[in-house]
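Spelled out, the chains give:
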Amino acid sequence: CLPIFFPFNLIVGLRQVHFLSQYHYRQRGSEAPPSDPVADFFPFISSDPFTWQEFLTSPALWCTLLQDQDPIDRSTLPE
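All of the points below concern the structure found in this document. Keep in mind that this is a model prediction, so the values were computed, not measured. (Residues numbered from 1 in each chain as written. Predicted model: local features only at pLDDT ≥ 70, side-chain atom pairs only at ≥ 80, totals over all residues. Heavy atoms only, no water.)

A look at the packing of aromatic side chains
- Counted under the stated rule, the structure contains six aromatic pairs.
- Geometrically, the ring pair formed by Phe-41 and Phe-42 is edge-to-face, given 4.8 Å between the ring centres and 85° between the ring planes.
- Ring centres of Phe-50 and Phe-55 lie 5.6 Å apart, and the angle between their planes is 20°; this geometry places the pair in the stacked category.
- Grouping aromatic residues by their ring pairs yields a cluster made of Phe-8, Phe-41, Phe-42, Phe-44, Phe-50, Trp-52 and Phe-55. (Phe/Tyr/Trp six-rings, centres within 6.5 Å; stacked < 30°, edge-to-face > 60°.)

Structure below.
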């Protein structure tokens, strides 16, 4: 059970930091936030909301090195 929660907390934390920084950048009245190389390499950080299942079956969300990979068919996975 423990290994599942660590990655989940890491994913949620990275997304929170990213979106909070974007929010505060706009609150300061700046035009456009600067490019974020970490969010560019790990697309899940700045992507639209997704479920845990969508994240696990979408390698393109994991990192840009896997952007050409097709999603994993859920019907082929054990239940």
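Picking up after the structure, the text goes on.
Here's the deal with the side chain of His-18
- You can see His-18 is positioned in helix α1 (residues 2–27).
- In this structure His-18 comes out as buried when scored by relative accessible area, which is 9%.
- Beyond its immediate chain neighbours, meaning those up to four positions away, His-18 contacts Asp-36, Ala-39, Ile-45 and Ser-46. (Helix = DSSP H or I, 4+ residues; strand = E, 2+ residues; numbered from the N terminus. Buried < 20%, exposed > 50% of the residue type's maximum accessible area, 1.4 Å probe, protein only. Contact = heavy atoms within 4.5 Å.)

Some words on the environment of Ser-47
- Relative to the assigned elements, Ser-47 resides in the loop between α2 (37–41) and α3 (52–56).
- Accessibility expressed as a relative area gives 17% for Ser-47, which makes it buried.
- As a C-alpha pair, Ser-47 and Gln-27 span 20 residues in sequence and 21 Å in three-dimensional space.
- Setting aside residues up to four positions removed in sequence, Ser-47 forms contacts with Arg-15, Phe-19 and Leu-61.
- Among the polar contacts listed, one links the side chain of Ser-47 to the backbone oxygen of Phe-44, at a separation of 3.4 Å. (Polar contact = N/O pair within 3.5 Å; in protein donor to acceptor, adjacent residues only side chain to side chain.)

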